[in-house]
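Examining the three-dimensional arrangement
Residue-level listing of the chains:
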Amino acid sequence: AQKITQTQPGMFVQEKEAVTLDCTYDTSDQSYGLFWYKQPSSGEMIFLIYQGSYDEQNATEGRYSLNFQKARKSANLVISASQLGDSAMYFCAMRGLNTGGFKTIFGAGTRLFVKA
Amino acid sequence: DAGITQSPRHKVTETGTPVTLRCHQTENHRYMYWYRQDPGHGLRLIHYSYGVKDTDKGEVSDGYSVSRSKTEDFLLTLESATSSQTSVYFCAISAAGQGDEKLFFGSGTQLSVL
């Protein structure tokens, strides 16, 4: 069975500092994808970054980077130079191939608060 | 923005009544998903579809059924609504591919079961 665990219900970070949001996963699949999504208070879901299980390099997208440690089954999101607009819920997700095709499951999320 | 429309946006219903939520896409994407979002649980997969008339269960499928008779529409039915099904329901879509395709989400449906 696949599972995503986010152990930090809430995190605080000072504006302009970096913050790491933790994500661990469990799967028996050899091939899978890891994603991070952001949900602001408006409720929309915004894709941030993707990491494939066979990718050797950590993914980066602007101020977002994914610290992928395959042996530890972790896929932490690093946000550099935090901004007030980064205050939101952040979800880690994993996409794997099932009998019926690809499905994506999510963790419980981490609420990030950026302080001025 | 991906063309995904959820209807209704808000619904209040009574315990024991059937409820159907609709997700409509204009992207011709193969995969469609229904999630529910509850505080402390994140998004939990209810059902998903990998093609017309091809569906499979997710993590929390009890009490829900789905149908997909056309590529663009994916219906979620609560057969007999209960208060525990009060939640925000999100539809999502993704293209077929190798597994790196991100999800595009609808705006959500706030469902209250009284």
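The model shown is predicted, which means the values in this text are computed figures rather than measured ones.

Some words on the overall build of chain A
Within chain A one finds zero helices and twelve strands. Going residue by residue from the N terminus, the α and β elements of chain A occur as β-β-β-β-β-β-β-β-β-β-β-β. The principal-axis extent of the C-alpha atoms belonging to chain A is close to 45 × 30 × 20 Å. Taken across its 116 residues, chain A has 51% of its residues classed as buried. Accessible area for chain A stands at about 5500 Å²; split by element, carbon and sulfur atoms hold 48% of it. Here chain A carries 11 positive and 10 negative side-chain charges, and the mean point of each set is 5 Å from the other.

As for the sheet that holds strand 3 (residues 19-25) of chain B
All names here are of chain B. One open sheet accounts for four strands, arranged 1-3-8-7; its pairing is antiparallel. The open sheet is flanked by strand 1 (4-7) and strand 7 (64-70), the only strands paired with a single partner. Averaged over all pairs of adjacent strands, the angle between strand axes in this sheet comes to 15°, irrespective of strand direction. Strand direction decides the pairing type here: strand 7 and strand 8 (residues 73-78), joined by five bridges, are antiparallel. Pairing of Tyr 64 across the sheet is with Leu 78, part of strand 8.

Observations concerning the interface of chain A and chain B
Every contact between the two is made by 19 residues of chain A and, on the other side, 25 residues of chain B. Taken together, the two surfaces of chain A and chain B that pack against each other cover about 1800 Å², and 56% of this comes from carbon and sulfur. Across the chain A-chain B interface, the total number found is one salt bridge. In this structure, Arg 95 of chain A and Glu 101 of chain B form a salt bridge, with 3.9 Å as the shortest nitrogen-oxygen distance. Linking chain A with chain B are seven residue pairs in polar contact (both at pLDDT 80 or more). Breaking the side of chain A that touches chain B down by element, the ones donating at least two residues are strand 5 (32-39), strand 6 (46-52), strand 10 (88-98) and strand 11 (101-106) of chain A.

Things to note about the environment of Gly 40 of chain B
Looking at the element boundaries, Gly 40 of chain B is found in the loop between strand 4 (31-38) and strand 5 (42-51). With relative accessibility at 67%, the residue Gly 40 of chain B sits in the exposed group.

What about the environment of Gln 14 of chain A?
All names here are of chain A. Topologically, Gln 14 is positioned in strand 2 (residues 10-14). Taking relative accessible area as the criterion, Gln 14 reaches 30% and is therefore assigned partly exposed. Gln 14 sits 70 residues away from Leu 84 along the chain, and the two C-alpha atoms are 9.0 Å apart. Apart from the residues within four sequence positions on either side, Gln 14 is in contact with Ser 82, Val 114, Lys 115 and Ala 116. Here Lys 115 takes part through its backbone oxygen, which lies 3.4 Å from a polar atom of the side chain of Gln 14.

Concerning the layout of surface pockets
By volume, the largest pocket is sized at about 740 Å³. Along the wall of the largest pocket there are 33 residues; nearest its centre are Gln 39, Gly 43, Glu 44 and Met 45 of chain A together with Phe 90 of chain B. Among the secondary structure elements, those contributing two or more residues to the lining of the largest pocket are strand 6 and strand 10 of chain A together with strand 4, strand 9 (87-94) and strand 10 (104-105) of chain B. In terms of residue class, the lining of the largest pocket is made up of 16 nonpolar, eleven polar and six charged.

Basis of the calculations
Sequence order as written defines the numbering, with residues in each chain counted from 1. Key to labels: chains lettered from A, ligands numbered from 1, both in the order written. Per-residue local features are limited, in this predicted model, to residues with pLDDT of at least 70; the limit for side-chain atom pairs, both in listing and counting, is 80 or more; totals at the level of whole chains, interfaces and linings are taken over all residues. Note that water and hydrogens are dropped before the side-chain values are worked out from all heavy atoms of the structure. Secondary structure follows DSSP: runs of H or I at least 4 residues long count as helices, runs of E at least 2 residues long count as strands, and numbering of each begins at the N terminus. In this scheme, a residue with accessible area under 20% of its type's maximum is buried, one over 50% is exposed, and one in between is partly exposed, where area comes from a 1.4 Å probe on protein chains only. Here, Shrake-Rupley sampling with a 1.4 Å probe gives the accessible areas, and only protein chains in the shown set may cover a residue. Think of it this way: Lys and Arg go in the positive column, Asp and Glu in the negative one, and His and the chain ends go nowhere. Taken as the charge centre is NZ of Lys, CZ of Arg, CG of Asp or CD of Glu, depending on the residue. Note: two strands are recorded as paired if DSSP finds a minimum of 2 bridges between them. For helices, the fitted line uses only the C-alpha atoms of the stretch in contact; every axis is such a line through C-alpha atoms, and the angle between N-to-C directions lies from 0 to 180 degrees. Whether two residues are in contact is decided by their heavy atoms: any pair within 4.5 Å suffices. Defined here as a combined quantity, buried area equals the accessible surface (1.4 Å probe) lost by two parts on assembly, summed across both. Salt bridge, as used here, is a side-chain nitrogen of Lys or Arg placed within 4 Å of a carboxyl oxygen of Asp or Glu. Distance and chemistry together define a polar contact, namely a pair of N or O atoms within 3.5 Å, with one atom able to donate a hydrogen and the other to accept it when in protein, and with adjacent residues in sequence counting only for side-chain atoms on both sides. The definitions used throughout rest on a 1 Å grid laid over the protein atoms alone, on which a cavity is an enclosed set of points accommodating a 1.4 Å probe that cannot get out and a pocket is an open set flanked by protein within 12 Å on both sides along at least five of seven lines; lining residues are those having an atom within 4 Å of a point. Grid points are joined across faces, edges and corners, and a volume is the space filled by probe spheres set on the points. We call Asp, Glu, Lys and Arg charged. Ala, Val, Leu, Ile, Met, Phe, Trp, Tyr, Cys and Pro are nonpolar, and the rest, Gly among them, are polar.

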